[in-house]
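# Examining the three-dimensional arrangement
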Amino acid sequence: MTMAFEKTPGWLDWYARPSRPQFRLPEGAVDAHCHVFGPAAEYPYAPERKYTPCDASRDQLFALRDHLGFARTVVVQATCHGADNGAMVAALRASGGRARGVATVRPGIPDAELRDLHEAGVRGVRFTFVKRLVDAAPRQDLLAVAERIAPYGWHVVLYFEAADLAELREFLLAIPVPLVVDHMGRPDVTKDPHGPEFEAFLDFLRARPDIWCKVTCPERLSASGPPALDGERRAYRDVVPFARRVVEEFPDRVLWGTDWPHPNLTGHMPDDGLLVDFVPHIAPTPELRHRLLVANPMRLYWPDVDRPDAD
Ligand SMILES: O=C(O)c1cc(C(=O)O)oc(=O)c1
């Protein structure tokens, strides 16, 4: 029997026919933040999930990768799958080495399972502190996970909101592996990009040389748009000054990704082709774009590949 899953009311499905980006991605570009959902008939959503998405399969993800012009992808375990990494790992295994993964693991995970995840291509775990997505995990559990993954050379991906950083900062800085912050720590972009809140975030990045930042999700962060729809190639203007500050101060520690299939958006679903056209606005030179899209993600996820632009 297959279980039927009903999508969360108001759920927006991913954009079916994205345009081709006008901005040509550099050879070897990596989509360093995207997800797979199900398909639920094969990989059921977790009982403890906070939302039920539409399906978004690995084949659909790979088709988007090719359409947009990415060479590689990093598949981040979505909270709707809890700590069952099956759909994500299946994507890694089907990718022919062109995908890496970020998993969710619990502290008691057997070593053999960690080894299997590593062998499949997992290179990090994700800690989510956004309350609408997960129930808070005890901090000692998170530290225990960090200690378990350290010998594999993995990192921890952090998802938190700007308002929570002050309270989290000390704990996060004590995590003994490299850190990667999702979506610039979710700034409130109606505030001043040079104001105290975003300064506190930049200060967090300055605190250790091994903290990376994804300058992603303008479609989530933007308050005034315009949305990446209907041919709009200058979308999400209010997010640009925030992302540019990060790219310019930390050019060797920034990553970019589509966030496809964009869980939990409520206002609009972006055209992913137009989202790629956002990149030159936040990384204005070819040199910055090469670091953001190729050199940095390759160093973090494929350190053994010397020529990312060659297949
Ligand atoms: O794993 C997820 O469920 C998830 C959710 C969101 C969001 O709802 O903001 O963003 C993400 O990057 C990932």
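Everything quoted here is computed from the prediction, not taken from an experiment.

### Things to note about the site of the ligand
Taken together, 15 residues are adjacent to the ligand, and Tyr51, Thr79, Arg132, Tyr159 and Asn264 come closest. Thr79 is positioned with one of its side-chain polar atoms (N or O) 2.5 Å from an oxygen atom of the ligand. Here an oxygen atom of the ligand sits 3.0 Å away from a polar atom, N or O, in the side chain of His183. Look at the ligand: alone it shows 330 Å² of surface, and the protein chains cover 100% of it.

### Some details on the pattern of salt bridges
Counted according to the given criterion, the structure contains 24 salt bridges. We note a salt bridge from Asp164 to Lys131, for which the minimum N-O separation is 3.4 Å. Taken together, the residues span a long stretch of sequence, with Asp164 in the loop between strand 5 (155-159) and helix 5 (165-173) and Lys131 in the loop between strand 4 (122-128) and helix 4 (139-149) at a distance of 33 residues. Judged by relative accessible area, Lys131 falls into the exposed class, the value being 62%. Counted as one network, the salt bridges with shared partners bring together Glu199, Asp203, Arg206, Arg245 and Glu249.

### Concerning the environment of Cys217
Mapped onto the elements, Cys217 comes out in the loop between strand 7 (211-214) and helix 7 (218-221). A relative accessible area of 1% means that Cys217 is categorised as buried. C-alpha separation for the pair Cys217 and Gly257, spaced 40 residues apart in sequence, amounts to 8.1 Å.

### Looking at the UniProt feature "domain: Amidohydrolase-related" (unreviewed entry) in the protein chain
Taken from the UniProt record, the annotation "domain: Amidohydrolase-related" (unreviewed entry) applies to residues 30-301. From the first C-alpha to the last, residues 30-301 spans 10 Å; its make-up is 37% helix and 13% strand.

### A look at the nonpolar core
If you look at the biggest cluster of nonpolar residues, it comprises 105 residues, and the most contacted ones within it are Leu158, Met184, Phe204, Val215 and Trp256. In terms of residue count, the dominant contributor to this core is helix 11 (residues 286-301) (seven residues). Among residues more than four places away in sequence, those in contact with Met184 are Phe198, Phe201, Cys213, Lys214, Val215, Leu221, Val239, Phe242, Ala243 and Val246.

### Considering the pairing of strand 2 (residues 72-76)
Counting buried positions over the five residues of strand 2 gives five, a clear majority of the element. By the alternation rule, side chains of strand 2 split into Arg72, Val74 and Val76 and Thr73 and Val75, which are all buried. Two strands pair when backbone bridges link them, and strand 1 (residues 30-34) and strand 2 are joined in this way by three bridges, in the parallel orientation. Bridged to Cys34 within strand 2 is Val75.

What counts as what
- Residues numbered from 1 in each chain as written.
- Predicted model: local features only at pLDDT ≥ 70, side-chain atom pairs only at ≥ 80, totals over all residues.
- Heavy atoms only, no water.
- Near = heavy atom within 4 Å.
- Polar contact = N/O pair within 3.5 Å; in protein donor to acceptor, adjacent residues only side chain to side chain.
- Areas by Shrake-Rupley, 256 points an atom, 1.4 Å probe, with all protein chains shown as cover.
- Salt bridge = Lys/Arg side-chain N within 4 Å of Asp/Glu carboxyl O.
- Helix = DSSP H or I, 4+ residues; strand = E, 2+ residues; numbered from the N terminus.
- Buried < 20%, exposed > 50% of the residue type's maximum accessible area, 1.4 Å probe, protein only.
- UniProt positions renumbered as here; feature names shortened; annotations may be inferred.
- Core = buried A, V, L, I, M, F, W, Y, C linked by side-chain atoms within 4.5 Å.
- Contact = heavy atoms within 4.5 Å.
- Pairing = 2+ DSSP bridges.

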